[in-house]
Amino acid sequence: MADSWAPVKRTRTFEEVLAQIERRIAEDGMRIGDRLPGERQLAEQLQVSRSSVREALRVLETLGVLSSQVGRGPEAGAVLISRPGAALTDLLRLHVGLDGLEPAELIETRLMIERFAAERAALRGPDTSALSEALAAMDAASGPEEFVEHDIAFHCAIADASGNRLIAVIMRSLRDSVRPHAVQAVERIGDTAGLRADHQRILDAITVGDPAEAARAVTDHLAKTYPPGPAPA
């Protein structure tokens, strides 16, 4: 049965260039800060046009793994970087805008991630100064949008405190997608005293190292902020 499969032939040269670059990164053990060969050199080595190389490099820039710098000298060329959050943020925002993802799905995903992050943070006993600073800023917020900015900072700080870098990246990728719904929720609730109390409860649980209470506090907070049912228009 497997013998009936025919090799897949790519029709776009830049995809072959991408595959070659990915292979070289893996096989050569390249790391953040390493440089790729110049555009001309890559084109000659791969025997493709410079436009195909340029298109592949642009894709890698969009994915947040490459930074291209124009000019001459040691600072010019393509440098490997790591900004996965930028690519994930853009991807999520586009799919939410196209109605490919429902707000409820974003909230469910956020709950799953934050429960885990809060539990991990409570177990690790991290520095909670970023959480305290965000909470204090929420107290001084002059309106829903400013409150939400600091609210998001608080929740991203929970992800950072978990010690899991991918969790932190995903939370930051979610923030632009959930921001409009968070502002709507704060406007609907009106008095933010209860929300601030929720955040204090989360902070207290992490501070004293109670993972079960930290997870419950996050769950109760998100249930209050985003109750089941259709999102407010």
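Residues numbered from 1 in each chain as written. Predicted model: local features only at pLDDT ≥ 70, side-chain atom pairs only at ≥ 80, totals over all residues. Heavy atoms only, no water.

A. Here's a closer look at the overall build of the protein. Per the secondary structure count, the protein includes 10 helices and two strands. In the protein, the order of α-helices and β-strands from amino to carboxyl end is α-α-α-β-β-α-α-α-α-α-α-α. Burial analysis of the protein (233 residues in total) assigns 35% to the buried set. Here the contacts in the protein between residues at least 6 apart in sequence split such that 67% fall between residues at least 24 apart. Only carbon and sulfur atoms are counted for the fraction: they give 54% of the accessible area of the protein, which is about 13,700 Å². (Helix = DSSP H or I, 4+ residues; strand = E, 2+ residues; numbered from the N terminus. Buried < 20%, exposed > 50% of the residue type's maximum accessible area, 1.4 Å probe, protein only. Contact = heavy atoms within 4.5 Å. Areas by Shrake-Rupley, 256 points an atom, 1.4 Å probe, with all protein chains shown as cover.)

B. Local environment of the pattern of salt bridges. Counted according to the given criterion, the structure contains 14 salt bridges. For E27, the salt bridge identified is with R24, shortest N-O distance 3.3 Å. Separated by three residues within a single helix, E27 and R24 lie in helix α1 (residues 13-28), roughly one turn from each other. Note on R24: relative accessible area 34%, which makes it partly exposed. Several salt bridges converge on common partners, so that one network encompasses R23, R24, E27 and D28. (Salt bridge = Lys/Arg side-chain N within 4 Å of Asp/Glu carboxyl O.)

C. Local environment of the confidence of the model for the protein. Averaged over every residue, the pLDDT of the protein is 83; residues scoring 70 or more account for 85%. Across the protein, the secondary-structure element scoring lowest on mean pLDDT is helix α4 (residues 84-97), at 69, and the one scoring highest is helix α9 (residues 193-208), at 96. (pLDDT = per-residue confidence, 0-100.)

D. View of helix α3 (residues 50-62). Between its terminal C-alpha atoms α3 stretches 18 Å, which fits the 18 Å expected from 13 residues at 1.5 Å a residue. Here α3 has its buried residues at S52, V53, A56, L57 and L60. For α3, the buried positions fall inside an angular range of 135 degrees around the axis, keeping them on one side. Across α3 from its buried face, at more than 90 degrees, point the exposed residues R58 and T62. (Expected span 1.5 Å × (residues − 1). Arc of directions from axis to C-beta.)

E. How the structure looks around α1. Taking 1.5 Å per residue, 16 residues should reach 22 Å; α1 reaches 22 Å between its end C-alpha atoms and fits that length. Following α1 by one or two positions, G29 adopts a phi angle in the positive range, close to 65 degrees.

F. Spatial organisation of the nonpolar core. Grouped together as the largest cluster of nonpolar side chains are 40 residues, with contacts concentrated most on L131, F154, I158, I202 and I206. Mapped onto this core, the elements with two or more residues apiece are α5 (103-124), α6 (129-139), α7 (144-161), α8 (165-189), α9 and α10 (211-225). Membership of the second largest hydrophobic core comes to 15 residues, among which are F14, V17, L57 and L80. (Core = buried A, V, L, I, M, F, W, Y, C linked by side-chain atoms within 4.5 Å.)

G. Structural view of the side chain of R110. Among the secondary structure elements, R110 is positioned in helix α5. The contact partners of R110, leaving out residues within four places of it in the chain, are D151, H155, M171, L174, V178, L222 and Y226.

H. The packing of helix α2 (residues 39-46) against α3, seen in detail. Direction vectors running N to C along α2 and α3 enclose 115 degrees, while the axes themselves pass 9 Å from each other. Relative to α3, the element α2 is oriented roughly perpendicular. Seen from above, α2 lies across α3 with right-handed handedness. On α3, the residues that touch E39, R40, L42 and A43 of α2 are R50, V53 and R54. Split by residue class, the contact of α2 with α3 holds three nonpolar, no polar and four charged. (Axes fitted to C-alpha atoms, helices over the stretch in contact; angles between N-to-C directions. Parallel < 35°, antiparallel > 145°, perpendicular 65-115°, else oblique. Left-handed = near helix turned anticlockwise from the far one by under 90°. Nonpolar A, V, L, I, M, F, W, Y, C, P; charged D, E, K, R; others polar.)

I. Molecular detail of the packing of α9 against α10. Where α9 contacts α10, the two axes come as close as 8 Å, and the packing angle between them is 165 degrees. The orientation of α9 relative to α10 falls into the category roughly antiparallel. Taken as a pair, α9 and α10 cross one another with a handedness that is left-handed. Touching G194, L195, D198, H199, R201, I202, A205 and I206 of α9 are E213, A214, R216, A217, V218, D220, H221, K224 and T225, all from α10.

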